[in-house]
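Here is what each chain is made of, one letter per residue.
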Amino acid sequence: MKFSTWDINLKVRLFGEALLDISFWTVFPFLTLYFSDEIGRQLTSLLLIISQFLAVITALLGGYFADVYGRKRMMSISVVGEGIGFFIFAIGALPFVQSPYLSFFGFTVASIFMAFYQPASQAMIADVVKPEHRSHVYSVFYMMINIAVVIGPIIGAVVFHDFTVETLLAITFFDIVLLFLLQKFGHETAPLALKPELRKEQANKNLGTVLLEQVKNYQLIFKDKIFFLYILAGIIISQSFMQLDLLFPLFIKEEIGTSQFLGMTLSGEELFGIIVSINGFCVAALTVFMTRWMTRYNEKYVFMNSSFLYGIAIMFFALSTGALSAIFAIILFSFAELMTVGIQQNFVSKLAPEDKRAMYFSAAGLRYTLGKVIAPLAITLATLIGYFNTFTVIAVLACISGILYYIMYIQYEKTHT
């Protein structure tokens, strides 16, 4: 599918989200270190769990409202909320304020609205792209995100520590840019939202009725055994890839510390910035190629082997003693990630009825939002049993995830062939 034939919604989002993602990844990889230094590791772990639990609830609400009231409207509201959150974060980081708790509150607000954004965003792609082209379009968006993952941490390693407030204000500005693009060029694509009579019917309902309806709808979704296994396996495997932003920076700083690479002496923070950039570069450079390659194989084995490779990469990371071994581990880690890019969202779009598409995507988002609730526990676990044992637990979970994906596809093949 050529870029020139893309719907205008997709073109606008690709450009606007690129700006926002670069600025976001300038900050995000360094937040664990930032808040750990400011308020302590244990409290940071607890607050991250609370903020991500709130994001879980928001994501589910976001899917329902995106189906009923429209993708464009919910994406616009999300962008506004995210901008407000990072603006509050910036205020808390001002030299004469210096309130890490206010900053964390701002980050929590931003996290909640980011979770609001994703179901509508992913459902919009499914609305305007034919099934045979969806994996490609999803992979292009994923590639764009990972180009940001390459560029952002490099910038962040230079500017975030010394220019924290300015960096956060830049994110707020790019939220405004994306909002303008959505309002100026975007159009609605949600099937229910395009029907005036249904929109009027929904507008007459009170909040209690809406929430009750939503609970019933999600009950039906989670009775789908295949979809439930998909979410469960995704939550478990998320404990592996989410450690890139949680446990990895602490491990590199405290266990690897200063190391040598290509004649350079790297601090832990600098090595972590390189690790994140290598991950982003691998994904950005190889996403489309890997997606096309993986679509040649049975999805069952792609998902399963991706989880197994995550487990292997995690164990290599646990054994790392210097920059070279850590870089080798992150390359394996990146290939595990690349194996399922594109086909994940496409699998959800195949399961989801058209009128509940965003709800399915928001429920699928529990792999990440609920995963984020659990993932910070690894920080606490590492203080209790050490880094190696913690990484071993995560690697075992990755293998369990692979087995669950295999069982899920066995069930899927029985009912869809």
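Residues numbered from 1 in each chain as written. Predicted model: local features only at pLDDT ≥ 70, side-chain atom pairs only at ≥ 80, totals over all residues. Heavy atoms only, no water.

### A closer look at the environment of Ala-157
Along the chain, Ala-157 falls in helix H6 (residues 131–159). Considering only alpha carbons, one finds Ala-157 and Leu-271, 114 residues apart in sequence, at a separation of 9.9 Å. (Helix = DSSP H or I, 4+ residues; strand = E, 2+ residues; numbered from the N terminus.)

### What to know about the nonpolar core
Phe-227, Tyr-230, Phe-248 and Phe-391 are the most contacted members of the largest nonpolar core, which totals 128 residues. A total of 11 residues in this core trace back to one element, the largest contributor, which is helix H5 (residues 100–128). Counting contributing residues per domain, this core is built from domain 1 (1–204) and domain 2 (207–416), each supplying no fewer than three. Ignoring sequence-local partners within four residues, the contact set of Tyr-230 consists of Phe-303, Gln-344, Phe-347, Val-348, Ala-364, Arg-367, Tyr-405 and Met-408. (Core = buried A, V, L, I, M, F, W, Y, C linked by side-chain atoms within 4.5 Å. Buried < 20%, exposed > 50% of the residue type's maximum accessible area, 1.4 Å probe, protein only. Domains from an automatic or database assignment. Contact = heavy atoms within 4.5 Å.)

### Let's talk about the side chain of Ser-320
Topologically, Ser-320 is positioned in the loop between helix H13 (299–318) and helix H14 (323–338). Ser-320 gets classed as buried once you look at its relative accessible area, which sits at 6%. Only 3.5 Å separates the side chain of Ser-320 from the backbone nitrogen of Ala-326, close enough to count as a polar contact. (Polar contact = N/O pair within 3.5 Å; in protein donor to acceptor, adjacent residues only side chain to side chain.)

### Describing the environment of Ile-379
Turning to its location among the elements, Ile-379 is positioned in helix H18 (residues 377–385). In contact with Ile-379, not counting residues within four places along its chain, are Thr-32, Arg-41, Ser-45, Leu-246, Leu-247 and Leu-250.

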